[in-house]
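So the chains spell out like this:
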Amino acid sequence: MIEIVETGPFNTVQDLGRPGYRDIGVSASGAMDPLAVKIGNILVGNAEGAAVLEIQTFPFRLIFKRRSAFVVSGTDGNPLLDGIELLPWYAYNAEVGQVLELKQPPKLARAYVAIGGGVDVPCIMGSRSTSLRGNFGGNAGRPLEKGDRITVGEEAGILPIPASGLGVVEPAVALRAFFPRSAEGSLLIRALPAGEHRLFAGDGEAFWGQTWRISSRSDRTGYRLSGDPVVPMETVEMRSHGVVPGVIQVPPGGEPIVQMSDANTAGGYPKIAGVIECDLWRLGQARIGTRLQFVRSSYAEARAIEQAVASYIEDVRRTSGLIKRALKAMA
Amino acid sequence: MIAPSNSHALQREILSSTKARARVSSIGARSFLLEAPGDFDLAAQRRIWALSQQVKGWSDIAEIIPGMTNILAILKETPEDPDVVVDRLLEAWDNARSIDLKGKTIEIPVHYGGQHATDLPALCDLSGLSDRDVVRIHHEATYRVFALGSAPGFGYLHGLDPRIYMPRKTVPSLRMEKGCVTIGGMQTGVAMLTGPNGWNSIGFAEMQMFDPTSASPAMMAPGDTVRFLPARIEL
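Since this is a predicted model, take the numbers as computed values, not measurements.

On to the sheet that holds strand β7 (residues 84-85) of chain A. Residue and element names in this part refer to chain A. The strand order across the open sheet formed by 6 strands is β7-β6-β9-β4-β1-β11, and the pairing between neighbours is antiparallel. Edge positions in the sheet fall to β7 and β11 (149-150), since each has one partner strand and no second. Bridge analysis of strand β1 (residues 2-6) against strand β4 (residues 60-64) gives 4 bridges, and the strand direction is antiparallel. Each residue of the ladder has a partner; that of I4, found in β4, is L62.

Take the sheet that holds strand β12 (residues 166-167) of chain A next. Residue and element names in this part refer to chain A. One open sheet accounts for 6 strands, arranged β2-β3-β10-β5-β8-β12; its pairing is antiparallel. Pairing within the sheet leaves two strands with one partner each, and these edge strands are β2 (12-14) and β12. Both β2 and strand β3 (residues 52-55) contribute to a ladder of 3 bridges, which runs antiparallel. By the bridge assignment, T12 is partnered in β3 with E54.

Moving on, we get to the environment of A:T7. Residue and element names in this part refer to chain A. Mapped onto the elements, T7 comes out in the loop between β1 and β2. Residues T7 and R224 lie 217 residues apart in sequence; the distance between their C-alpha atoms is 25 Å. Each residue touching T7, except ones within four places of it in the same chain, is listed here: P59, F60, L144, E145 and K146. A polar atom in the side chain of T7 sits 2.9 Å from the side chain of N11.

Below, the discussion takes up the packing of aromatic side chains. The final tally for this structure, using the stated rule, is 15 aromatic pairs over all chains. With 5.9 Å between their ring centres and 40° between their planes, A:F136 and B:F210 make a pair best called tilted. Of this pair, A:F136 sits in the loop between β10 (111-115) and β11 while B:F210 sits in the loop between β12 (200-204) and β13 (225-234), which puts the two residues in different chains. Look at A:F136 and you get buried, because its relative accessible area is 6%.

To continue, consider the domain arrangement of chain B. Residues and elements named next belong to chain B. Domains assigned within chain B are domain 1 (11-95) and domain 2 (105-234). Taken residue by residue, the interface counts 8 residues in domain 1 and 11 residues in domain 2. Three residues, F40, W49 and M68, lead the burial of domain 1 against domain 2; their summed loss comes to 67% of the area buried on that side. Scanning the region where domain 1 abuts domain 2 turns up 0 salt bridges. Joining domain 1 to domain 2, the criterion identifies 3 residue pairs in polar contact (both at pLDDT 80 or more). For the side of domain 1 that touches domain 2, the element with the most residues is helix α2 (residues 42-56), which contributes 3 residues. A class-by-class count of the residues in the side of domain 1 that touches domain 2 yields 5 nonpolar, 2 polar and 1 charged.

With that settled, consider helix α3 (residues 82-95) of chain B. Over its 14 residues, α3(B) runs 20 Å from end to end, which matches the ideal 20 Å to within 8%, given 1.5 Å per residue. Capping of α3(B) at its N-terminal end is provided by B:D81; its side-chain oxygen lies 3.0 Å from the backbone amide nitrogen of B:D83.

Negative phi is the rule for most residues except glycine; trans is the rule for most peptide bonds. Residues and elements named next belong to chain A. The linkage connecting F58 with the following residue, P59, adopts the cis geometry, with an omega of -5°. Within the secondary structure, P59 sits in the loop between β3 and β4. Despite not being glycine, M125 shows a phi value in the positive range, around 50°. You can see M125 is positioned in the loop between β10 and β11.

Residues and elements named next belong to chain A. For Q56, the position within the fold is in the loop between β3 and β4. Among the polar contacts listed, one links the side chain of Q56 to the backbone oxygen of F10, at a separation of 2.7 Å. With near-sequence residues (within four places) excluded, Q56 lies in contact with F10, N11, A109, R110 and R220.

On to the domain arrangement of chain A. Residue and element names in this part refer to chain A. What the domain assignment reports for chain A is domain 1 (2-168) and domain 2 (179-297). Each of domain 1 and domain 2 has a C-alpha centre, and the two are 28 Å apart. With 27 residues of domain 1 in contact, the opposing surface of domain 2 contributes 19 residues. Interface area for domain 1 against domain 2, summed over the two sides, is near 1600 Å², with a carbon-plus-sulfur share of 47%. Taken as a group, R22, M32 and R133 account for 35% of the area that domain 1 buries against domain 2, more than any other trio of residues on that side.

The partner chain B presents 49 residues to the 41 residues of chain A that form the contact. Both faces combined, the contact of chain A with chain B buries some 3700 Å², and carbon together with sulfur accounts for 54% of it. For chain A, the biggest contributors to the area lost against chain B are A:R239, A:S240 and A:Y299; these three give 21% of the whole. Across the chain A-chain B interface, the total number found is 4 salt bridges. In this structure, A:E196 and B:R23 form a salt bridge, with 2.6 Å as the shortest nitrogen-oxygen distance. Put simply, chain A and chain B have 19 residue pairs in polar contact (both at pLDDT 80 or more) between them. Put simply, the parts of the chain that give the side of chain A that touches chain B at least two residues each are β13 (187-193), β16 (241-242), β20 (271-275) and α5 (299-330) of chain A. Residue contributions to the side of chain A that touches chain B peak at 4 residues, all from α5(A).

The rules we used
- Residues numbered from 1 in each chain as written.
- Chains lettered and ligands numbered in written order.
- Predicted model: local features only at pLDDT ≥ 70, side-chain atom pairs only at ≥ 80, totals over all residues.
- Heavy atoms only, no water.
- Pairing = 2+ DSSP bridges.
- Helix = DSSP H or I, 4+ residues; strand = E, 2+ residues; numbered from the N terminus.
- Contact = heavy atoms within 4.5 Å.
- Polar contact = N/O pair within 3.5 Å; in protein donor to acceptor, adjacent residues only side chain to side chain.
- Phe/Tyr/Trp six-rings, centres within 6.5 Å; stacked < 30°, edge-to-face > 60°.
- Buried < 20%, exposed > 50% of the residue type's maximum accessible area, 1.4 Å probe, protein only.
- Domains from an automatic or database assignment.
- Buried area = accessible area lost by both parts, 1.4 Å probe.
- Salt bridge = Lys/Arg side-chain N within 4 Å of Asp/Glu carboxyl O.
- Nonpolar A, V, L, I, M, F, W, Y, C, P; charged D, E, K, R; others polar.
- Expected span 1.5 Å × (residues − 1).

Below is the structure:
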C-alpha cells in the first residue's frame with residue numbers, strides 16, 4: 001500500500017496500455033514513455049507491463065505503507081527518499097513510513113514510479129491504465145489525488161538491493177547513437193510521410209524543413225505544434241478512419257497535431273506524416289515548449305532502432321537477473 | 001502511397017488513374033490504411049466487413065480498426081518490405097466478397113430540439129428546410145452501424161438523407177454533452193463523451209451505450225440497425 005501525500009493534476013496509473021479495443025472506440029492509453037515503464041519494472045522484479053505511476057505534474061510525494069522495492073525511471077531528476085537524494089533509473093528499498101518525493105525534472109516531462117509487486121488497481125479490458133477520456137481504468141478512472149491509498153501487489157520476494165541502489169545506464173545514454181539531437185539542440189523525431197502528404201505540395205517540404213514548438217495546448221491525447229502553418233492545396237472531407245499514436249494530422253488552421261497515448265481511435269483530418277513507433281517515447285518525454293524537427297525515416301531505419309531498443313531491454317533483463325541472483329547468494 | 005520513390009508504387013498510381021483501385025497509405029511504420037474506392041455506401045462497407053474478417057486472421061496483425069469504407073491494419077512489427085504488406089492488402093480487397101452482418105436492431109429515444117440542439121438553426125439555414133422537416137427526415141430514416149470509433153462505443157451511422165448532410169465544423173464546440181445526437185458530413189451518431197466535438201447537434205439521447213466492466217462493453221456493433229424514436233420534439 002502507498003498513500004499519495006501531494007500531487008498535481010493529471011498524474012495517473014498507467015501500464016503498457018489497452019490495445020485491442022480500438023475497433024469499439026477505446027483508446028489504447030498507456031504510459032507516454034513505455035520504455036521507462038519496462039526498465040523500471042524489470043529492475044524491481046515485476047513483469048515488464050506491470051502498472052506504475054506516471055507523474056507529469058510536480059512536486060509529487062507518496063508514503064510507503066509497506067516495505068517495498070521501487071524505481072523512479074524516465075526522468076532526469078533525482079528523487080528524494082526522506083529528503084535524501086537518490087538516482088533515477090536505480091532500484092532501492094523503502095521502509096514503512098518513508099516518503100518519496102519527486103521535484104520538477106530539469107529537462108524531461110515525465111517520471112515513472114515502479115514498485116515491487118506493481119500497482120494493483122482493477123484490470124479493466126485487459127489493462128490497468130487510466131482512460132482519462134473514458135473515465136475508467138487506473139485509480140477509479142481519474143487522476144491521483146492527495147489522500148488516495150493504492151494497493152500494491154505481492155512482491156515476488158524482497159530483493160537484497162544494496163543501500164547504494166541497483167541501476168542501469170538509462171536508454172537516452174545507452175542508445176545515444178540511435179536517438180540523435182540536432183546541432184541546435186532541437187529534438188529530432190523520425191517520421192514517414194502519411195496518406196495526404198502529397199496534398200500539401202510545397203507546404204509538405206516546409207513541414208519537414210521547419211522547427212516546430214510543442215504548444216501549451218498539449219496533453220496525453222495529443223501535442224499541438226506551433227510554427228508556420230502548412231495547408232493542403234485542396235480541402236478534402238475524409239471518411240473517418242482508424243488512427244494510432246504518432247499520426248500527425250493537420251486541422252484547417254494548418255498547425256499539426258501529433259496524437260499521443262490517449263490518441264483518439266479515429267480521425268478525419270488530412271495526415272501529413274506518422275512518427276515511427278520507436279521514437280514515440282522520446283516525444284512522450286518532450287515538454288511543452290520543446291523545439292523539434294521531423295526527419296524523414298525509412299522502414300530499414302525504424303527496424304534498426306526497434307532492434308537496438310529490444311536488445312537494450314533484453315540486456316537489462318539478463319544483467320539484472322544475474323546481479324539479483326548473485327546478491328541473493330551473497331545475502 | 002507508401003514509398004513514392006518506389007517503382008511498385010508508381011505503377012499503382014498509374015493504374016489508379018485508369019481504373020479505380022483501393023488506396024493504401026501508412027501511419028508510422030506499422031499501420032496501413034486501405035481506403036475503398038467509389039461511393040460511401042453499404043456495398044463498399046459490406047466488402048470492408050469481409051476484408052476485416054479476413055485480415056483479422058493474419059498472423060502478423062496486432063489489431064484492426066474498420067472505419068468508414070476503410071480499414072486500418074496495425075502490424076505487430078515493422079515489416080521489412082512495406083510493399084509486400086500493401087500488395088497483400090490490395091489483393092485481399094480485390095478478392096473480398098461482400099458479406100452482410102446480421103446485426104441487432106437498436107431503438108434510441110431522442111429529444112429533438114431543445115437546449116442540446118445547438119446546431120439545428122444552422123442546419124435549417126444550410127438545407128433550406130424547416131426545423132420540423134429536419135427532425136422528421138432524421139428520425140424517419142433507418143441507419144446501419146458501419147463502424148465504431150472515436151470514443152468508447154461511438155457508432156458511425158450510415159443512411160443519413162442527403163438533404164440534411166452538414167459538414168463538420170471548422171471550429172469544434174468546446175464542450176458538447178454526452179448524448180447529443182449529431183450530424184458530421186454524411187454521417188450521424190450519438191456523442192459518447194462530453195468534450196470537444198466538431199459534429200452538429202440536433203437533439204439528445206439518454207440511453208447508456210457503453211459499459212467498460214461488461215463482457216461486451218459497446219452496445220453497438222458493425223452491422224446493427226439503428227432507429228431514432230422521437231420521444232419529444234421541442235422546437
